[in-house]
Number of protein chains: 2
Amino acid sequence: MENIRELLQTTMIRFGLVDKNCCSINGIDISLVQSHILYEIDKRHHPSMQEIADVLAIDITTFSRQIQSLIKKELVEKRQSIQDKRVYELHLTTIGKVVATSINTQMNEYMKEVFSHMSEEEKETVIRSLSILNDSMAKSTMCCNPIR
Amino acid sequence: MENIRELLQTTMIRFGLVDKNCCSINGIDISLVQSHILYEIDKRHHPSMQEIADVLAIDITTFSRQIQSLIKKELVEKRQSIQDKRVYELHLTTIGKVVATSINTQMNEYMKEVFSHMSEEEKETVIRSLSILNDSMAKSTMCCNPIR
DNA sequence: GATTTTTAATTGCATTTTGCAAGTATTTGT
DNA sequence: ACAAATACTTGCAAAATGCAATTAAAAATC
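A brief look at the structure comes next. (Residues numbered from 1 in each chain as written. Chains lettered and ligands numbered in written order. Predicted model: local features only at pLDDT ≥ 70, side-chain atom pairs only at ≥ 80, totals over all residues. Heavy atoms only, no water.)

Bringing the overall build of chain A into the picture now. In terms of regular secondary structure, chain A is built from six helices and four strands. The order of α-helices and β-strands along chain A, N terminus first, is α-β-β-α-α-α-β-β-α-α. Judged by the C-alpha coordinates and their principal axes, chain A covers about 50 × 40 × 20 Å. Counting across all 148 residues of chain A, residues that qualify as buried make up 49%. In chain A, the proportion of contacts linking residues at least 24 apart, taken out of those at least 6 apart, comes to 50%. For chain A, the exposed surface amounts to about 7,600 Å²; the carbon and sulfur share of it is 49%. With 18 positive and 20 negative side-chain charges, chain A shows a separation of 7 Å between the mean positions of the two kinds. (Helix = DSSP H or I, 4+ residues; strand = E, 2+ residues; numbered from the N terminus. Buried < 20%, exposed > 50% of the residue type's maximum accessible area, 1.4 Å probe, protein only. Contact = heavy atoms within 4.5 Å. Areas by Shrake-Rupley, 256 points an atom, 1.4 Å probe, with all protein chains shown as cover. Lys, Arg positive; Asp, Glu negative; His and termini not counted. Charge placed at Lys NZ, Arg CZ, Asp CG, Glu CD.)

See the structure below:
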């Protein structure tokens, strides 16, 4: 069995680098974490703060501040839930949506480039493998207990 | 083509979580980044500072301070190179070596647990796929230009 | 052989990120 | 009605980050 730790570690670092390039959209600068937050809000239906913090495994207090920063940048809106007034629903603003989409397009572009170094068959195998790995991690007790 | 960005993103986050658990060895607490540094020093032969900073894509000034912190914890030693006095060779101390090995064992344990949710065939495919992905990223211009 | 340029590493800021402890407000359970 | 749990915020204080500037040594140029 090969050294999986190393493999995953360098893969992470490299993907992180690709990811980092993606965070400047005409004048609007956001951090890597913030791009992940935008992505998750975009993907879900009016999620709560806790929900996103859990998914991204960010401490809730840090998350609270990150959201404040995104609100100041007018990319995110917080709306108090009517059913449960403790909860705030997160929404992307129009600009936020544009930024999220823009980053996503960029990232897919980058990923396409990365995958262009593979054969069609390899490409499929790799994607399927990532799914399998991801699912296995989700099942693991080592991480991901709160993370779906 | 599936959403690769999402797949990689959540895989990264999950691996990062596993990775984070690994950094406390009987009283000695180190950060995730520091565990990566120990790993890379262990792996290479008396590397220079620049070398490791490049591999891990850490800014050299940040790296310099991280090394200082690891030296203070007596996990790492810096020895001025004789051939080129600008360069400092990085060495693990005896304790440093123990810590690095301990983290590595722990991580492999965790990884084994994660991979236990797969069939033998899947396991092989996943590992091979990660290799392919890694190589493709290395070839990419998007990241990894200084990173091998 | 002297001088310029490049390279390896450190230090000084100033900013950002982080997370624990403690707090408020609301809801749920008893 | 009251206790416990939940969602979120704020106050620190520590850690991490990165740019600009510096030192020291090596390599390149003249």
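As a further point, take helix 2 (residues 32-43) of chain B. Between its first and last C-alpha, helix 2 of chain B extends 17 Å over twelve residues, near the 16 Å set by a 1.5 Å rise per residue. Turning to helix 2 of chain B, its buried residues are B:Gln34, B:Ser35, B:His36, B:Ile37, B:Leu38, B:Tyr39, B:Glu40 and B:Ile41. (Expected span 1.5 Å × (residues − 1).)

Across the contact, 60 residues belong to chain B and 60 residues belong to chain A. Both faces considered, chain B and chain A share a buried interface measuring about 6,100 Å² in area, 68% of it formed by carbon and sulfur atoms. Seen at the junction of chain B and chain A, the total is two salt bridges. Our count for the chain B to chain A interface comes out at 17 residue pairs in polar contact (both at pLDDT 80 or more). Elements with a contribution of two residues or more to the side of chain B that touches chain A: helix 1 (4-20), helix 2, helix 3 (49-56), helix 5 (94-115) and helix 6 (120-139) of chain B. (Buried area = accessible area lost by both parts, 1.4 Å probe. Salt bridge = Lys/Arg side-chain N within 4 Å of Asp/Glu carboxyl O. Polar contact = N/O pair within 3.5 Å; in protein donor to acceptor, adjacent residues only side chain to side chain.)

Let's shift gears to the environment of A:Ile132. Its location among the elements puts A:Ile132 in helix 6 (residues 120-139). Separated by 124 residues in sequence, A:Ile132 and A:Leu8 have C-alpha atoms that sit 14 Å apart. Setting aside anything within four residues of it in sequence, one finds A:Ile132 in contact with B:Met118, B:Glu122 and B:Val126.

Looking now at the protein's contact with DNA strand C. Near DNA strand C lie 21 residues; those nearest to it are B:Met49, B:Gln50, B:Ser64, B:Arg65 and B:Lys78. For DNA strand C, the backbone portion of the atoms within 4 Å of the protein, that is sugar and phosphate, comes to 65%. Here a phosphate oxygen of DNA strand C and a side-chain polar atom of A:Thr62 are 3.4 Å apart. The side chain of B:Ser64 places a nitrogen or oxygen atom 2.7 Å from a phosphate oxygen of DNA strand C. Secondary-structure elements contributing two or more residues to the surface near DNA strand C are helix 4 (60-72) of chain A together with helix 3 and helix 4 (60-72) of chain B. (Near = heavy atom within 4 Å.)

Taken together, 21 residues surround DNA strand D, and among them A:Met49, A:Gln50, A:Ser64, A:Arg65 and A:Lys78 come closest. Across the atoms of DNA strand D situated within 4 Å of the protein, the share located in sugar and phosphate is 67%. Contact between DNA strand D and A:Arg65: a base oxygen at 2.6 Å from a side-chain N or O atom of the residue. Contacts to DNA strand D include B:Thr61, whose side-chain N or O atom sits 3.2 Å from a base nitrogen. Those elements that place two or more of their residues in the surface near DNA strand D are helix 3 (49-56) and helix 4 of chain A together with helix 4 of chain B.

All we've got here are geometric facts, nothing functional implied.
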